[in-house]
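Single-letter residue listing:
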Amino acid sequence: DPGEQTGPRIESQSPPSGMPLTVSAEPYLSATPSAAPADVDTVRRLLGAENLTVPSMIAVMGFVGNEEPGRPDRLAEARRRMEQAQALGSPFIVASPPLGTADPARCGDDYAELLAIGREIGIRPAMEFLGFVEQDNSIAAARDIMERAGDPTATIVIDWFHMVRGDGRDTIFS
């Protein structure tokens, strides 16, 4: 009975055939009204008990394309999330673009920095476009950031939801 839950619990539920899952560990690693916070080892154990793997995690947010002030704190949070994803066995973590507009060169430099940190940690940040943001809301915008990063390991997340929600509609068949 979920109402009697006294600690973290993960249940496997098969997605439709061929549908990849992206996971956020934050709900499991922070306290909720029904459960105490779990540590990464507990979440990893619970995933293993259900024979689940983490193919990708959400997300490094607020770093790509953001200027000072607060950059050191955002970088520390990005590193923490990448370490968390790597500890849970995920090969990828999503790198989200800024909500508003940003200098494209800055976005490329920031993504390159995340890729370098990812190599140190053992995880690959994947650049995402978000259909609901002002600027980086298409495959072309995410690809531009990847190319500006100048790193052959740059990767893009192509999310159907963001394609139909944003400017990705125009690139579905091109």
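Residues numbered from 1 in each chain as written. Predicted model: local features only at pLDDT ≥ 70, side-chain atom pairs only at ≥ 80, totals over all residues. Heavy atoms only, no water.

Asks: Account for the overall build of the protein chain, naming residues and giving values.
Replies: The helix and strand tally for the protein chain stands at 6 helices and 4 strands. From first element to last, N terminus to C terminus, the protein chain shows the α and β order α-α-β-α-β-α-β-α-β-α. Taken over 174 residues, the protein chain has a buried fraction of 40%. Considering only contacts within the protein chain whose residues lie at least 6 apart along the sequence, 75% involve residues at least 24 apart. (Helix = DSSP H or I, 4+ residues; strand = E, 2+ residues; numbered from the N terminus. Buried < 20%, exposed > 50% of the residue type's maximum accessible area, 1.4 Å probe, protein only. Contact = heavy atoms within 4.5 Å.)

Asks: Please provide a residue-by-residue account of unusual backbone geometry, values included.
Replies: The omega torsion of the bond from Ile58 to Ala59 falls at -25°, within 30 degrees of zero and hence cis. Inspection of the secondary structure assignment puts Ala59 in strand β1 (residues 57-60). Despite not being glycine, Asn51 shows a phi value in the positive range, around 55°. Among the secondary structure elements, Asn51 is positioned in the loop between α2 (40-49) and β1. Overall, the relative accessible area of 71% leaves Asn51 in the exposed class.

Asks: Could you give an account of the sheet that holds strand β2 (residues 92-95), naming the residues involved and the relevant values?
Replies: Whether parallel or antiparallel, the strands of a sheet pair through hydrogen bonds between backbone atoms. Pairing is parallel across the open sheet formed by 4 strands, whose spatial order is β1-β2-β3-β4. At either margin of the open sheet sits one strand with a lone partner, and together these are β1 and β4 (156-157). As judged from the 2 bridges shared by β1 and β2, these two strands associate in the parallel manner. Each bridged residue has a counterpart across the sheet, and for Val60 the counterpart in β2 is Ala95. In this fold helix α4 (residues 104-121) packs onto β1, β2 and β3 (124-128), with an angle of close to 155° to the strand it touches most, β3. (Pairing = 2+ DSSP bridges. Axes fitted to C-alpha atoms, helices over the stretch in contact; angles between N-to-C directions.)

Asks: Tell me about α4, and name the residues and values.
Replies: Compared with an ideal rise of 1.5 Å per residue, which puts 18 residues at 26 Å, α4 spans 26 Å between its outermost C-alpha atoms and is within 8% of the ideal. In the core, the buried residues of α4 are packed alongside β1, α3 (71-87), β2, β3 and α5 (139-149). Two residues or fewer after α4 comes Gly122, characterised by a positive phi angle close to 100°. (Expected span 1.5 Å × (residues − 1).)

Asks: Lay out the packing of α4 against α5 in plain terms, naming residues and giving numbers.
Replies: Following both chains from N to C, one finds α4 and α5 inclined at 65°, their axes separated by 7 Å at the closest point. Relative to α5, the element α4 is oriented roughly perpendicular. Judged by the sense of rotation from one axis to the other, the crossing of α4 with α5 is right-handed. For the pair formed by α4 and α5, the contact residues are Pro104, Ala105, Cys107, Gly108, Tyr111, Ala112 and Leu115 on the first element and Asp144, Ile145, Met146, Arg148 and Ala149 on the second. Class assignment of the residues belonging to the contact of α4 with α5 gives a composition of 9 nonpolar, 1 polar and 2 charged. (Parallel < 35°, antiparallel > 145°, perpendicular 65-115°, else oblique. Left-handed = near helix turned anticlockwise from the far one by under 90°. Nonpolar A, V, L, I, M, F, W, Y, C, P; charged D, E, K, R; others polar.)

Asks: Describe the nonpolar core, with residues and values.
Replies: Val60, Met82, Ile93, Tyr111, Leu114 and Met127 are the most contacted members of the largest nonpolar core, which has 29 residues in total. Secondary-structure elements contributing two or more residues to this core are α2, β1, α3, β2, α4 and α5. With 6 residues, α4 is the single largest residue contributor to this core. Beyond its immediate stretch of four places on either side in the chain, Met82 contacts Val60, Ile93, Leu114, Ile117, Gly118, Ile121, Ile123 and Pro125. (Core = buried A, V, L, I, M, F, W, Y, C linked by side-chain atoms within 4.5 Å.)

Asks: Let's hear about the pairing of β3: which residues, and what values?
Replies: Among the 5 residues of β3, 4 are classified as buried, and the element is accordingly described as predominantly covered. The parallel pair β2 and β3, bridged by α4, forms a crossover whose chirality is right-handed. Bridge count for β3 against β4 is 2 bridges, and the pairing is parallel. Bridge pairing links Met127 to Ile156 in β4. Crossover β3 to β4 through α5 is right-handed. (Right-handed = clockwise from strand over helix to strand, strands pointing away.)

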